[in-house]
Amino acid sequence: MASIIDAFNESLNENQAYVKIVLFAIPIYFVADLFLVGKMAQFTFWGAILAVLVLGLLTQGIHNVRLNRSEVLTLNPIDWVVALSKAIIVLTPQFLIFGSIGYFLTTKITIPIDLPHVPMIYSVIVWSIVFSIILTSYLSFAKYLKVLQGFNYKVIFESCIDVLVSFLFFLPQLIFANVVLIGPVMYLFFVFNVPYTHWGFVAYCSAIGVINISILANYLAQSGYEQIKGNNEDYQDNCQINVIDDAAERLNGH
């Protein structure tokens, strides 16, 4: 079963982990500071660029874990650009197609049940399924960065609900992990009457943000391995990797 504990351990034990945390925390800090000082136009512009950076890091991170590499987040700009470009090719049509379907189902179709909250429940169900399909498509592609596997709808439709359930179990774990990491520091700032807008707190949270990206990449790689149905003959690469066992080996330095 995918483990957030394994994912957290690897985020701190991968090659040059602390260098990456400091380096990638800089753009996060920069964007967060724009928000705090109220420069919303610049925040929106640079926030979009940051989101692109994160997508590239996340995609390559999932790929690295699936291939049992010693790093999660990459410092190689070529790897980042290639992973990002392929991710955009896969995700853009998925968002357009299934986003349009979700919009049509939730705006053009009326549920003939006159009970409170039924429309909201219906919308949540529809958008959850749409999200699960897009996420499964992304994970299918990110395994070996094979664009065509992002459109392998037989595998995607068979696995999307399992992927969604796994992701929903992950979210409260991630929230709890962040409470543990950030909570004590927040308390110290509160005790000493230092505002949370202080550069030290923003910098610390930016570093935690980088750790979150690494954790997410690790967990999604594990979840994709476990939840996406089919064997490796469904893919063009016949490399079989047990990411959970191999993660433990990497942590032991093997």
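Up top is the structure.
Residues numbered from 1 in each chain as written. Predicted model: local features only at pLDDT ≥ 70, side-chain atom pairs only at ≥ 80, totals over all residues. Heavy atoms only, no water.

1. Topic: the overall build of the chain
Selection criterion: Segments assigned H or I by DSSP are reported as helices when at least four residues long, segments assigned E as strands when at least two residues long, and all are numbered from the N terminus. A simple rule labels every residue: compare its accessible area, found with a 1.4 Å probe on the protein chains alone, to the largest value its type can have, and call it buried under 20%, exposed over 50%, or partly exposed in between. Only heavy atoms enter the contact rule, under which two residues are in contact if any of them lie within 4.5 Å. All accessible areas in this document rest on Shrake-Rupley with a 1.4 Å probe, and a residue is counted as covered only by the protein chains that are shown.
In terms of regular secondary structure, the chain is built from eight helices and zero strands. Split into buried and exposed, the 254 residues of the chain put 41% on the buried side. Within the chain, contacts between residues separated by at least 24 positions form 74% of all contacts whose residues are at least 6 apart in sequence. Of the roughly 13700 Å² of accessible surface on the chain, 71% is carried by carbon and sulfur atoms.

2. Observations concerning the side chain of Q60
Tracing the sequence through the fold places Q60 in helix 3 (residues 40–66). For Q60, a relative accessible area of 3% corresponds to the buried category. Filtering out sequence-adjacent residues up to four positions away, Q60 remains in contact with R69, V72, T74, D79, A83 and L145.

3. Some points on the nonpolar core
The line we're drawing: Within this scheme, the nonpolar core is defined by two criteria: the residues are buried Ala, Val, Leu, Ile, Met, Phe, Trp, Tyr or Cys, and they are joined through side-chain atoms within 4.5 Å.
With 54 residues, the main nonpolar core has I62, Y138 and L139 as its most contacted residues. Elements with a minimum of two residues in this core: helix 1 (4–13), helix 2 (17–36), helix 3, helix 4 (77–107), helix 5 (118–142), helix 6 (153–191) and helix 7 (199–227). Examining the composition of this core, we find that twelve residues originate from one element, helix 6, more than from any other. In this view, I62 contacts Y138, L139, A142, A217, L220 and A221; residues no more than four positions away in its chain are not counted.

4. Let's talk about unusual backbone geometry
Look at N68: it is not a glycine, yet its phi comes out positive at around 60°. Inspection of the secondary structure puts N68 in the loop between helix 3 and helix 4.

5. Things to note about the packing of aromatic side chains
As a reminder of what qualifies: Two rings from Phe, Tyr or Trp (for Trp, the six-membered ring) form a pair when their centres are within 6.5 Å of each other. A pair whose planes differ by under 30 degrees is stacked, one over 60 is edge-to-face, and the rest are tilted.
Overall, the coordinates contain 13 aromatic pairs when judged by the stated rule. Between Y138 and F141 the ring centres are 6.3 Å apart and the planes differ by 45°, which places this aromatic pair in the tilted class. Taken as a pair, Y138 and F141 lie in helix 5 at a separation of three residues, close to a single helical turn. Taken individually, Y138 and F141 each receive the classification buried, so the pair is uniform in this respect. Among the aromatic residues, those joined into a ring-pair cluster are F98, F151, Y153 and F157.

6. Considerations on the environment of V118
Take V118: it is sitting in helix 5. Residues contacting V118, with those up to four places away along its chain left out, are I111 and I113.

7. Thoughts on the packing of helix 2 against helix 7
Relative orientation and spacing of two packed helices are given, respectively, by the angle between their axes and the distance between those axes. The line we're drawing: The convention used is that axes are lines fitted to C-alpha atoms, helices contributing only their stretch in contact, and that angles between N-to-C directions extend from 0 to 180 degrees. Between 65 and 115 degrees an angle is taken as roughly perpendicular, under 35 as roughly parallel, over 145 as roughly antiparallel, and anywhere else as oblique. By convention, the crossing between two helices is left-handed when the near helix turns anticlockwise from the far helix through less than a right angle, and right-handed when the turn is clockwise. The residue classification treats Ala, Val, Leu, Ile, Met, Phe, Trp, Tyr, Cys and Pro as nonpolar and Asp, Glu, Lys and Arg as charged. All others, Gly included, are polar.
Closest axis-to-axis distance for the helix 2/helix 7 pair is 7 Å, and the angle between their directions is 125°. In this view, helix 2 runs oblique relative to helix 7, as classed from their interaxial angle. Regarding helix 2 and helix 7, the two cross each other, and that crossing is right-handed. Residues K20, I21, F24, A25, I28, Y29, A32 and L36 of helix 2 form the contact with helix 7, whose participating residues are W199, V202, A203, S206, A207, G209, V210 and I211. Looking at the contact of helix 2 with helix 7, its residues break down into 13 nonpolar, two polar and one charged.

8. Some details on the pattern of salt bridges
Cut-off, in case you're wondering: Take a side-chain nitrogen of Lys or Arg and a carboxyl oxygen of Asp or Glu: if they are within 4 Å of each other, that pair is a salt bridge.
By the definition in use, this model includes three salt bridges. Between K20 and E14 there is a salt bridge, with its nearest N and O atoms 2.8 Å apart. An identical accessibility class is assigned to K20 and E14; each is buried. For E71, the salt bridge is made with K20, and the minimal N-O distance between the two is 3.3 Å. Here K20 lies in helix 2 and E71 lies in the loop between helix 3 and helix 4, a separation of 51 residues in the sequence.

9. With respect to the side chain of T74
Note the threshold: Under this definition, polar contacts are N or O atom pairs within 3.5 Å; protein pairs additionally need one hydrogen-donor-capable and one acceptor-capable atom, and for neighbouring residues in sequence, both atoms have to be side-chain atoms.
Within the secondary structure, T74 sits in the loop between helix 3 and helix 4. A relative accessible area of 3% means that T74 is categorised as buried. Within polar-contact distance, the side chain of T74 engages the backbone nitrogen of N76 at 3.0 Å. For T74, the contacting residues outside a window of four places in its chain are F24, L57, Q60, N64, D79 and W80.

10. Topic: the environment of V82
In this fold, V82 is placed in helix 4. For V82, a relative accessible area of 37% gives the class partly exposed. As a C-alpha pair, V82 and L145 span 63 residues in sequence and 9.0 Å in three-dimensional space.

11. Looking at the environment of F201
In this fold, F201 is placed in helix 7. In the structure, F201 is positioned 16 residues away from V185 in sequence and 7.8 Å away in space, judged by C-alpha atoms. Discounting residues that sit within four places of it in the chain, F201 has contacts with I182, V185, M186, F189 and Y196.

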